[in-house]
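# A structural walkthrough
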Amino acid sequence: MGTNVTIARDGLQALIEALRADGREVIGPTVREGAIIYDAIRDIADLPAGWTDRQEAGRYGLEQRADGALFGYTVGPHAWKQFLFPARETLWTMRRTGDGAEVTDGATPASRHAFIGVRSCELHAIAIQDKVFVSGPYPDTNYRARRADAFIVAVNCGQAGNTCFCVSMRTGPKVEGGFDLSLTELLDDTRHDFLIAIGSEAGAAIMQHVPHRPATAADLSAADSAVARAAAGIGRHLQTEGLKQALQAAPEHRRWDEVAARCLTCGNCTMVCPTCFCTTVRDHTDLAGNTARRVREWDSCFTLDFSYIHGGSVRHAPRARYRQWLTHKLANWIDQFGTSGCVGCGRCITWCPVGIDITEEAAAIANAPAAAREAHHEGA
Ligand code: SF4
Ligand code: SF4
């Protein structure tokens, strides 16, 4: 592995067709309702050719590019977790029989997926969820099956978003591993090609069906320049050194009150986050009482019900819920799983309706004098 080859733009069509011929549902970026989202694609024409995104805290919009780049945007509101760990999944169904009941497990995954356009930060997010659902103490059978079957075509970022901070989290912008194939888009006035790094035997097998040529030194150099351009354009920074200790030492910091005055506890940040995985279960019965289903759904630590135990919610105040989310992401996750729970994708900043910025909130606490961190405030 580690071989680099180059394909022309049309070679991407051959790649999509080869993946489909391999029995895979191909999922990739496409434009819908004013955003670049991930959905089933059949053709290179489904990709967001000539589109880019503009992102700020609380703002997102698409603009036409001056060129025809196919991957000339950063990350949108979707993450790959919706395919590996769907937002709603039936765990089991119970049907009344003559004198008893019959229980069947929820459906097992039907699709073998190929994901096209997985960014470096997103590969790190998938690796974080793997720790929970594949190698953790409570593996998830369906996640494991989907993950084992997934073919990953990663893409190196050629530009960075204004809310990205992957460099701070050491999760990007260059793809370093965990893929079958990785693409770097090489686009200028004279050509539109893709450098492809082959990362697995499955990747090498697929490339046998895709016209390609050996990569030249000029191809490799152009790819390095594209990634360096993205790294130089990163919009935000998070100082991670000492952050865990600072957050864990500051449960009563005044900043939690200040951010809670803005936070709507809508949970948008957790829905768009590629690593968040909290769920709840709901039971559904039909009106005749013949069938019951237990369904697992994405939940959020921002809902009042999420921390409900007998007698009420543990985190009833918004400050407690924001503090739980941010402290878990950037500090307690490290104790739990050995890595940060944040990959610096910036989605929670862009998609927060009031523009709360995780990098600003963390820095406000980390940079505060120790006395301010320990100041006591009323409320949960
Ligand atoms: S931080 Fe923003 S996105 Fe998250 S719950 Fe609060 S208002 Fe919603
Ligand atoms: S916490 Fe925010 S920046 Fe970090 S991974 Fe989640 S959505 Fe991305």
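See the structure shown above.
So, here's what we can say about the structure. These figures come from a predicted structure and were not determined experimentally.

### Observations regarding the environment of E102
Relative to the assigned elements, E102 resides in strand 7 (residues 101-105). The class of E102 is partly exposed, set by a relative accessible area of 42%. On a C-alpha basis, the gap between E102 and T291 in space is 9.6 Å, while along the polypeptide they are 189 residues apart. Sequence-distant contacts of E102, defined by excluding residues within four places in its chain, comprise T93, M94, R95 and T97.

### Some words on the pairing of strand 9 (residues 151-155)
Regular strands place their side chains on alternate faces of the sheet. Counted residue by residue, strand 9 has five buried out of five residues, so it is predominantly covered. Side chains of strand 9 alternate between two faces, with F151, V153 and V155 and I152 and A154 buried alike. Bridge analysis of strand 8 (residues 113-118) against strand 9 gives four bridges, and the strand direction is parallel. When the sheet's bridge partners are listed, I116 is paired in strand 9 with V153. Looking at chain direction, strand 9 and strand 10 (residues 181-188) are connected through three bridges and run parallel. Looking at the pairing, V153 lines up with L181 of strand 10.

### Brief notes about the site of ligand 1
Ligand 1 sits among 13 residues. The nearest are C263, L264, C266, C269 and C352. Judged by the fraction of its atoms near the pocket grid, ligand 1 is located in the largest cavity. For the shell around ligand 1, the residue count by class is 10 nonpolar, three polar and no charged.

Each value, and the rule that gives it
Residues numbered from 1 in each chain as written. Chains lettered and ligands numbered in written order. Predicted model: local features only at pLDDT ≥ 70, side-chain atom pairs only at ≥ 80, totals over all residues. Heavy atoms only, no water. Helix = DSSP H or I, 4+ residues; strand = E, 2+ residues; numbered from the N terminus. Buried < 20%, exposed > 50% of the residue type's maximum accessible area, 1.4 Å probe, protein only. Contact = heavy atoms within 4.5 Å. Pairing = 2+ DSSP bridges. Near = heavy atom within 4 Å. 1 Å grid on protein atoms, 1.4 Å probe; cavity = no way out; pocket = protein on both sides within 12 Å on 5 of 7 lines; lining within 4 Å. Sits in = over half its atoms within 2 Å of the grid points. Nonpolar A, V, L, I, M, F, W, Y, C, P; charged D, E, K, R; others polar.

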